[in-house]
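Residues per chain, in single letters:
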Amino acid sequence: GRMKRARRAAPGPLPLLGLLLLGALPGLWTVLLRREAAARGEPDPEPRPPPGRWGWGSSPAARGEPGGGGQKTFRALLAVPAAGQEERGGEGRFAAAGLSPPAAAAVSPVERGIFWSRELEALVPPGFAAEEAAAWLSAARAARVASLERGGCGRSSNRLARLSDGSRACVRYGINPEQIQGEALSYHLAGVLGMQERLPPMALALVEARGRQWEPVREELRGSHWAEGAVVSLTRWVDNLTAVVAPAPWGAEAGAGRRLQPLSAGELGGLPPSQLVELVQWSDLILFDYLTANFDRLVSNLFSLQWDPRVMRRATSNLLRAPDGGLVFMDNEAGLVHGYRLLAMWDPYNEPLLRSVCVFREGTARRVAELHRRRSAAAELHRRYRAREPLWARLGFLSERQAELLQARVDFVHRHIAQCRAQ
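Residues numbered from 1 in each chain as written. Predicted model: local features only at pLDDT ≥ 70, side-chain atom pairs only at ≥ 80, totals over all residues. Heavy atoms only, no water.

Undergrad: Would you mind showing me how to read the overall build of the protein here?
TA: Along the backbone of the protein there are 18 helices and 10 strands. Nonlocal contacts in the protein, meaning residues at least 24 apart in sequence, comprise 75% of its contacts between residues at least 6 apart. Of the roughly 17,800 Å² that the protein leaves accessible, carbon and sulfur atoms contribute 52%. (Helix = DSSP H or I, 4+ residues; strand = E, 2+ residues; numbered from the N terminus. Contact = heavy atoms within 4.5 Å. Areas by Shrake-Rupley, 256 points an atom, 1.4 Å probe, with all protein chains shown as cover.)

See below:
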């Protein structure tokens, strides 16, 4: 599986000398693994969502790649949607926040040195509202699977399901059960942190060919090679999502061989609200990926710099943008379980990414402070997981060691926020 290959490729503990000082050998080894997997018809050891999956455009510019309009500038890398989308989504958000466009342009981005301002947070697209997500999850659990289609949902073992209530969902069948466990636990940790609206609603389901839920697709199940009794995840399908290129300081600036520069209040003056709105969401994403040790998003792009110097100008893995400018944190199966087993390999990337952020959502910082003070990160995740996921016991929870790692990472984030405040 992908994890075994990654473990063989792992260079072991490395001194933190910047993001680009890993030797050429791991990169060469990963390239060879990719070729070997392709020759056998297996999925890419570091899969990327295919362009057709979320209705992406087919041009280089639509995919966030160079070639559609010349080299991107520092400001252009910060930009959110295309101009038409920005006007439609942006003006609506400004009006909802009680701001005219001129007033929105004058929004103060930061309060008390390290927190995004309330006026700016009011402009962030709402994402998947809690009530809407709960209604979809309830309907999806009760619905039958009307059909299963290949393609559109990542690796070849996954399927796009049409449900009897008319909605669609990606059904993810993990290479091993802990990938589905990582997906589910990451989803509920986002809830603990107050950022679950950035993740599509996700529920677990039990594969039972003779069960009521799967009865209409019994024949398709026979051809899927899914094991009877396996636990899969159902994730709400979302239309019209587009690729996201990492903004500075994590975008092309990182790819130019420079050390990541901290995102701080002093750099934000004069940026338009649409760019600031995206940075608010990125600050949550980077903190979330550090806590879950997720290596299959921006970190995997940074790692790929060894053989692809232009990778930071391309789409960020497992991150997409809704038409209103809201970011969608997709496919979190590398989080909390896989990622924790491979900390030595990936923390030389995850830690500098965290340190590159010194402006935070105040609500996120407050929740981290509470989890630190009470030493309750695993306990609160466990409580929420059990209360909201009926099939949680089928996959189990974090091991004692994983729970300790989660708390240690919460403590590390809390110390980092305190250091930013002190500076």
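Next comes the rest of the description.
Undergrad: So what exactly am I meant to see when it comes to the packing of helix α11 (residues 273-292) against helix α14 (residues 343-355) here?
TA: When two helices pack together, their arrangement is given by the angle between the helix axes and the distance between those axes. One way to put it is that α11 packs onto α14 with a least axis distance of 9 Å and a crossing angle of 145°. The hand of the α11/α14 crossing is left-handed. Across the interface between the two elements, I286, L287, D289 and Y290 from α11 touch D347, N350, E351, L353 and L354 from α14. Broken down by class, the residue content of the contact of α11 with α14 amounts to five nonpolar, one polar and three charged. (Axes fitted to C-alpha atoms, helices over the stretch in contact; angles between N-to-C directions. Left-handed = near helix turned anticlockwise from the far one by under 90°. Nonpolar A, V, L, I, M, F, W, Y, C, P; charged D, E, K, R; others polar.)

Undergrad: Got a minute to help me understand the pattern of salt bridges in this structure?
TA: Oppositely charged side chains can pair when the atoms bearing their charge come close. All told, the structure shown has 21 salt bridges when counted by the stated rule. In this structure, the salt-bridge partner of D289 is R297, at a minimum N-O distance of 2.7 Å. Classification of D289 by relative accessible area gives buried; the value is 7%. Within this structure, R155, R172, D331 and E333 form a network of salt bridges that share partners. (Salt bridge = Lys/Arg side-chain N within 4 Å of Asp/Glu carboxyl O. Buried < 20%, exposed > 50% of the residue type's maximum accessible area, 1.4 Å probe, protein only.)

Undergrad: Would you take a moment to explain the pairing of strand β4 (residues 159-163) for this structure?
TA: The side chains of a regular strand alternate between the sheet's two faces. Most of β4 is tucked away, with four of its five residues classed as buried. Across four bridges, the pairing between strand β3 (residues 145-149) and β4 is antiparallel. Counterpart to S147 in the pairing with β4 is R162. Taken together, the four bridges between β4 and strand β5 (residues 168-172) define a ladder with antiparallel strand orientation. In the sheet register, R162 faces β5, and the bridge partner there is R168. (Pairing = 2+ DSSP bridges.)

Undergrad: Mind showing me how you'd approach the sheet that holds strand β8 (residues 242-245) here?
TA: Working definition: the strands of a sheet are paired by backbone hydrogen bonds and lie parallel or antiparallel to each other. Ordered by their spatial adjacency, three strands build an open sheet running β8-β9-β10, and the pairing between neighbours is antiparallel. In the strand order of this sheet, the two ends are held by β8 and β10 (327-329), each with one partner. Between one strand axis and the next, the sheet turns through 55° on average, direction left out of account. Here β8 pairs with strand β9 (residues 315-321) via three bridges, running antiparallel. For V245, the partnering residue across the bridge sits in β9 and is A315. Taken strand by strand, α11 contacts β8, β9 and β10, and its axis lies near 10° from that of β10.

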